[in-house]
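# A closer look at the structure
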Amino acid sequence: MKKSVVAISVVAALAVLWAGGTWYTGKNLEQQYAEKIADLNETLTQYLPPVDGNGLKVENVSYQRGFFSSKIVDKLVLQDHDQPIELVFESAVQHGPLPLARLQKLELKPVLLAGNAKLVNNSSVTTWFKAAKEQTPFSTDFTLDYNEKVVASSRFAALQWAEDNFEFKMSDLVIDSDTDLNAIGNIKLNLDQLSFSEQASETAHNSTALQINGIKMDSRQQQAKGFENLAVGSSRLTVNDISFDLQPGEQSDDSPLKLQISDTSIDSEVQLNDGFIDISSKNLLGKLLIDENHFGQFQFDLGIKHLDGKSLNDLVELLKNMPADGEFTPEQDEQGKQLLQTLMANYPQLQFLPLAWRNEGGTSQLNLDIGFNNSDQVGENMLSLFSKFELSGEVNKQMLRSLLTTVVEMNNPDMTDQGQVQTIDDSYQAASADFLVDGTFIDTPEAFTANLILENGVLKHNGEVVPEEKINEFVMSMVMAAAFYNMSDDDQYNQDDEQWGDDGEIYPDDQLDDSFSPADEGYDLAIPDLSPSDLEGLPEAAPQQ
């Protein structure tokens, strides 16, 4: 047999296999699509449960399957009271294993499908299309391989929208991802510019502008081995510049303000070590300028460590299965308590190492390192909650003086040099005295320092034992403060409208109409005008004990 005949036969066989695979893939995709939509809606309900009948769901509008490709129309429906918002997406999907578009690019790796999707203009998104200058506000190109890996490149188009005295601008937002169907994998985001501005008017007394430049995110995650609901990996978020500008209008008493934050970064990492999850976050604010005055650099590092992986995984699963009304069943509530107890039983740790403020004078910082006991070791003493408690602070004297110098010079630009020096010295002496009140800080040659350390069940402040009654007073003040700040204005008003009844119960005012009221009985509540002679003959007051 001639080689050419063999070659033609092989090509013909491959073509038949490709065509057959394409047809089979297209058929299977259509059969599974409704199931995938149902799974997606179940996930949306888990993470965004409906509230007062308002919710989010995905609906398939149409599915037109061809031999080589399919056309799909879906809509994302946000039920907002009686006015639903519908985002309609059109998708063109080419069937695998070798979609035509990939063959044209000589991309020969077999995939289940390849396609693109875009947002369609309708009454719900007319303003969005207008702000995008009639471009498609959202579009994405994607592939899905046989291992259920999704590679996508998504784009939100640049926007410019203005109404009355308000303006919003955004450059293209691009998101590149390579993840599984649970969005675990590698994600990169890039947004060059985002800005808001509002001009002074009758309703806004000041002109304000906020601009954010150079937003980038790079996240690399993978499934935590042995835990379905947990992911490990690292992520980095950076922002080049954030600027805020306030200019008072004619009717405003405010002063101008310019705020600039540069070189911000957040580096996070989640690790799995011997069945325990460790979470760390390093946060840096590179430079803070207020009205062009340099206020230094801020660093905030957070660590949450030794979290039992199984309990944490089961807790996430419990949250995913929360009922649609947002309330746990009694069984789920009890399960949640047991999982939290198990987390605490494995001695989790909380660390702020450090919270630091640096300027040209030096560094001041606060360090906090806390370890928790399990429930069996917790007694009536609040300190028994902790297996470790270390709080230390250091205020660098040169840093403090540099900070006060910046503040005084900024607030008193017309003051003489001698006056500024005197004001800085007075401010430094006043701040130093405040630090030393009641031995809060210790005065050392370089800094004011303080520490609060738990040693053998005893809390010590700068080496001195803290009496238990002082601890109880502090805890009570914190509880009362939290209760006060958590109380809404409506709660205050409702309490004002309540009275105690004769049976010891509290009733609203309108249910106590028959209760005694001096004003209703015609009593004169005015303070009587008494003279010394009116008091003659009355018994002497008993002495106060």
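Structure first, text after, so check above.
Residues numbered from 1 in each chain as written. Predicted model: local features only at pLDDT ≥ 70, side-chain atom pairs only at ≥ 80, totals over all residues. Heavy atoms only, no water.

Moving on, we get to the pattern of salt bridges. For the structure shown, the criterion picks out 16 salt bridges. Among the ionic pairs, Lys 397 bridges to Asp 443, the shortest N-O distance being 2.5 Å. In this pair, Lys 397 sits in helix α6 (residues 397-411) while Asp 443 sits in strand β20 (residues 442-443), placing the two residues 46 residues apart along the sequence. A residue is classified by how much of its surface remains accessible, and Lys 397, at 15% relative accessible area, is buried. With its nearest N and O atoms 2.9 Å apart, the salt bridge here joins Arg 401 to Asp 425. On the criterion of sequence distance, the pair formed by Arg 401 in helix α6 and Asp 425 in helix α7 (residues 417-436) is long-range, its members being 24 residues apart. Here Asp 425 falls in the partly exposed class, since its relative accessible area comes to 28%. (Salt bridge = Lys/Arg side-chain N within 4 Å of Asp/Glu carboxyl O. Helix = DSSP H or I, 4+ residues; strand = E, 2+ residues; numbered from the N terminus. Buried < 20%, exposed > 50% of the residue type's maximum accessible area, 1.4 Å probe, protein only.)

Right, let's talk about the packing of α6 against α7 for a bit. At their nearest, the axes of α6 and α7 sit 9 Å apart, and the two run at 130 degrees to each other. Between α6 and α7, the angle falls in the class oblique. Crossing angle aside, the handedness with which α6 passes α7 is right-handed. Only Gln 420, Thr 423, Ile 424, Asp 425, Ser 427, Tyr 428, Ala 431 and Phe 435 of α7 make contact with α6, whose side of the interface consists of Lys 397, Leu 400, Arg 401, Leu 404, Thr 405, Val 408 and Glu 409. In the contact of α6 with α7, the residues fall into seven nonpolar, four polar and four charged. (Axes fitted to C-alpha atoms, helices over the stretch in contact; angles between N-to-C directions. Parallel < 35°, antiparallel > 145°, perpendicular 65-115°, else oblique. Left-handed = near helix turned anticlockwise from the far one by under 90°. Contact = heavy atoms within 4.5 Å. Nonpolar A, V, L, I, M, F, W, Y, C, P; charged D, E, K, R; others polar.)

Within the largest apolar cluster, 12 residues are counted, these being Ala 131, Ala 132, Ala 157, Leu 159, Phe 168, Met 170, Leu 173, Leu 191, Leu 194, Ile 212, Ile 215 and Val 239. Of all elements in the fold, only β8 (166-170), β10 (185-198) and β11 (206-223) reach the threshold of two or more residues within this core. What Ile 215 contacts, discounting residues up to four positions off in sequence, is Leu 189, Asn 190, Leu 191, Leu 237, Thr 238 and Val 239. Residues Leu 230, Leu 307, Leu 318 and Leu 343 belong to the second largest nonpolar core, which totals 11 residues. (Core = buried A, V, L, I, M, F, W, Y, C linked by side-chain atoms within 4.5 Å.)

In this structure the tally under the stated criterion is 12 aromatic pairs. Considering the side-chain rings of Phe 67 and Phe 68, the 4.9 Å spacing of their centres and the 75 degrees angle between planes classify their relative orientation as edge-to-face. On the accessibility criterion, Phe 68 (37% relative accessible area) is partly exposed. Seen from their ring centres, Phe 138 and Phe 156 are 4.9 Å apart, and the 50 degrees between their planes marks the pair as tilted. Of this pair, Phe 138 sits in strand β5 (residues 138-144) while Phe 156 is found in strand β6 (residues 149-156), placing the two residues 18 residues apart along the sequence. When its relative accessible area of 16% is taken as the criterion, Phe 138 is described as buried. Ring pairs connect the aromatic residues Phe 89, Phe 138 and Phe 156, which therefore count as one cluster. Cation over ring: Lys 397 sits above Phe 448, and NZ or CZ is 5.0 Å from the ring centre. Here Arg 401 stacks its cationic end above the ring of Tyr 428, 4.4 Å away from the centre of that ring. (Phe/Tyr/Trp six-rings, centres within 6.5 Å; stacked < 30°, edge-to-face > 60°. Lys NZ or Arg CZ within 6 Å of the ring centre and 35° of its normal.)

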